[in-house]
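# Summary of the model geometry
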Amino acid sequence: MRIISGKHRGRVLAEFRGKEIRPTADRVKESLFNILAARIPGARVLDLFCGSGALGLECISRGAEAVFNDVSADSLAVLKKNLTAMKESAAVYGYDYKVCLDRMTGKFDLIFVDPPYACDYLADVLNRIAERDLLEEDGLVIYESDRPADGLPQGWVTADERNYGRTSVWFFRRQV
């Protein structure tokens with residue numbers, strides 16, 4: 001894993017060992033950030049299931065402010081190692097996603113939701129984001145999964161969808 005663009009371009013990130021961890025593939029990440037490039041500078045970003053922090057760190061490299069969350073202590077250790085190597089600072093939380101969303105304040109321009117593929121948190125995450133009014137009016141929730149994004153709650157629309165082999169990425173926004 002590496003940073004694709006911005007002031008930390010080319011930096012290799014610390015990552016997990018083992019088969020149970022599934023970081024976003026570089027080709028998926030590169031495509032995703034080509035789509036989001038114009039939205040990132042100056043944005044406020046939440047990386048809700050951050051893992052190693054690759055998505056939020058890419059945003060920091062491109063001029064965004066990122067907030068990271070993951071319930072796994074191992075994930076947070078890798079994230080902190082990456083932040084230190086990049087000489088960057090950010091808010092880092094070790095909450096369950098529900099607690100995190102319930103405690104967040106302010107609005108985000110981008111919210112990355114990349115939970116373990118075995119989990120189906122989409123409807124609950126979107127409902128909590130709406131209830132807490134955590135997304136800017138033109139903001140996006142970016143959801144990565146290996147299964148269809150079914151059961152979209154009322155008030156949300158799919159702005160875009162991309163498929164990369166068994167990985168799919170959806171871009172959701174609030175219905176206007």
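Summarised in this report is the structure supplied together with it. (Residues numbered from 1 in each chain as written. Predicted model: local features only at pLDDT ≥ 70, side-chain atom pairs only at ≥ 80, totals over all residues. Heavy atoms only, no water.)

### Comments concerning the pattern of salt bridges
With the rule as written, the count across this model stands at 11 salt bridges. In this structure, E58 and K29 form a salt bridge, with 4.0 Å as the shortest nitrogen-oxygen distance. Of this pair, E58 sits in helix α2 (residues 54-61) while K29 sits in helix α1 (residues 26-36); the two residues are 29 residues apart in sequence, bridging distant segments of the chain. E58 is the salt-bridge partner of R62, the closest N and O atoms lying 2.8 Å from each other. Residue R62 is classed as buried on the basis of its relative accessible area, which comes to 16%. Residue classification places E58 among the buried residues on the basis of a relative accessible area of 0%. Beyond isolated ion pairs, a larger network of salt bridges with shared partners links K29, E58 and R62. (Salt bridge = Lys/Arg side-chain N within 4 Å of Asp/Glu carboxyl O. Helix = DSSP H or I, 4+ residues; strand = E, 2+ residues; numbered from the N terminus. Buried < 20%, exposed > 50% of the residue type's maximum accessible area, 1.4 Å probe, protein only.)

### Section: the environment of M104
Inspection of the secondary structure assignment puts M104 in the loop between α4 (97-103) and β4 (108-113). The spacing of M104 and L134 is 30 residues in sequence and 7.6 Å in space, taken between C-alpha atoms. In contact with M104, not counting residues within four places along its chain, are L46, V67, Y93, R132 and L134. (Contact = heavy atoms within 4.5 Å.)

### Here's the deal with the pairing of strand β1 (residues 44-47)
Across four bridges, the pairing between β1 and strand β2 (residues 65-69) is parallel. The residue bridging D47 from the neighbouring strand is F68, located in β2. Crossover β1 to β2 through α2 is right-handed. Bridge count between β1 and β4: three bridges; the pairing is parallel. (Pairing = 2+ DSSP bridges. Right-handed = clockwise from strand over helix to strand, strands pointing away.)

### Details of helix α5 (residues 122-132)
Among the residues of α5, those classed as buried are L122, V125, L126, R128 and I129. Looking straight down α5, one finds that the buried residues subtend no more than 160° of arc, so they occupy a single side. Its buried side turned inward, α5 meets α4, β4, β5 (135-145), β6 (156-164) and β7 (167-174). Two residues or fewer past α5, D133 is found with a positive phi of approximately 55°. (Arc of directions from axis to C-beta.)

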